[in-house]
Amino acid sequence: MGGKSSSSRRSSSIPKTTVAYETNLKPGTIVVETSERRLYLVLEGGKALKYGIGVGRDGFRWSGQHKITRKAEWPGWTPPAAMRKRVPDLPAYMPGGPDNPLGARALYIGSTLYRIHGTSEPWTIGHAVSSGCIRLTNDDVTDLYSRVRVGALVVVRP
């Protein structure tokens, strides 16, 4: 696996932190700052939890506002047809588990094909590597998942 040690394969070098964050958005809102490769969960009192993320590579970035429409633990993955066309050896479906690209948890974003999810490749956090989804380490996505409700607003900024 590219010479990565087992500890670097499990975690990211970008720790979750609580930061000052002034906004008019209500607590529970997720703000993705694509250019920063950070995700903020708005908290009470001008604070936010700041997580390191992996974002869409060139040609796969997007921005907009949607709501979380579904949450899943150890989700199965059905690669979209366009992705299977680009990468023909992808399976039609992959059951949930530690080797699944969606990782430990997934938050589904509106009616889009995009999700905020964990990853079986935590060394990709901080990089532009995905096909548009927002990746966190499995530890961080599990933490975020426990704090976010279906219906929460997601704001993705370029």
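Residues numbered from 1 in each chain as written. Predicted model: local features only at pLDDT ≥ 70, side-chain atom pairs only at ≥ 80, totals over all residues. Heavy atoms only, no water.

A.B. asks: Looking at this structure, I do not really get the packing of aromatic side chains. What am I missing?
C.D. replies: Each aromatic ring pair is characterised by the separation of its centres together with the angle its planes make. Using the criterion set out here, one finds two aromatic pairs in the structure. Ring centres 4.8 Å apart and planes at 20° place the aromatic pair Tyr 21 and Tyr 40 in the stacked group. Of this pair, Tyr 21 sits in the loop between strand E1 (17–20) and strand E2 (30–33) while Tyr 40 sits in strand E3 (residues 38–42); the two residues are 19 residues apart in sequence, bridging distant segments of the chain. Neither Tyr 21 nor Tyr 40 differs from the other in exposure class; each is buried. Between Trp 62 and Tyr 114, the ring centres sit 4.7 Å apart and the planes meet at 10°, which makes this aromatic pair stacked. Within this pair, whereas Trp 62 is found in the loop between strand E5 (55–56) and strand E6 (64–73), its partner Tyr 114 is found in the loop between strand E7 (105–109) and strand E8 (115–117), the two being separated by 52 residues in sequence. For Tyr 114, a relative accessible area of 24% gives the class partly exposed. (Phe/Tyr/Trp six-rings, centres within 6.5 Å; stacked < 30°, edge-to-face > 60°. Helix = DSSP H or I, 4+ residues; strand = E, 2+ residues; numbered from the N terminus. Buried < 20%, exposed > 50% of the residue type's maximum accessible area, 1.4 Å probe, protein only.)

A.B. asks: Looking at this structure, how should I read the nonpolar core?
C.D. replies: Among soluble globular proteins, nonpolar side chains are generally buried collectively. Ile 30, Leu 39, Ile 116, Leu 136 and Leu 144 are the most contacted members of the largest nonpolar core, which has 22 residues in total. Elements with a minimum of two residues in this core: E2, E3, strand E4 (47–52), E7, helix H3 (138–147) and strand E11 (153–157). The biggest single contributor to this core is H3, with three residues. In this structure Ile 116 touches Ile 30, Leu 39, Arg 105, Ala 106, Leu 107, Ile 109, Ile 134, Leu 136, Val 141, Leu 144 and Val 154, once residues within four positions along its chain are discounted. If you look at the next biggest cluster of nonpolar residues, it comprises seven residues, including Ala 72, Met 83, Leu 90 and Leu 102. (Core = buried A, V, L, I, M, F, W, Y, C linked by side-chain atoms within 4.5 Å. Contact = heavy atoms within 4.5 Å.)

A.B. asks: Teacher, can you tell me more about empty space enclosed by the protein here?
C.D. replies: Enumeration over the complete set of coordinates arrives at one cavity of 30 Å³ or more. One number sums up the size of the largest cavity: a volume of about 40 Å³. Surrounding the largest cavity, Thr 34, Gly 56, Phe 60, Arg 61, Trp 62, Gly 132, Ile 134 and Val 156 form its lining. Of the residues that constitute the lining of the largest cavity, the class distribution is four nonpolar, three polar and one charged. (1 Å grid on protein atoms, 1.4 Å probe; cavity = no way out; pocket = protein on both sides within 12 Å on 5 of 7 lines; lining within 4 Å. Points joined across faces, edges and corners; volume = space filled by probe spheres on them. Nonpolar A, V, L, I, M, F, W, Y, C, P; charged D, E, K, R; others polar.)

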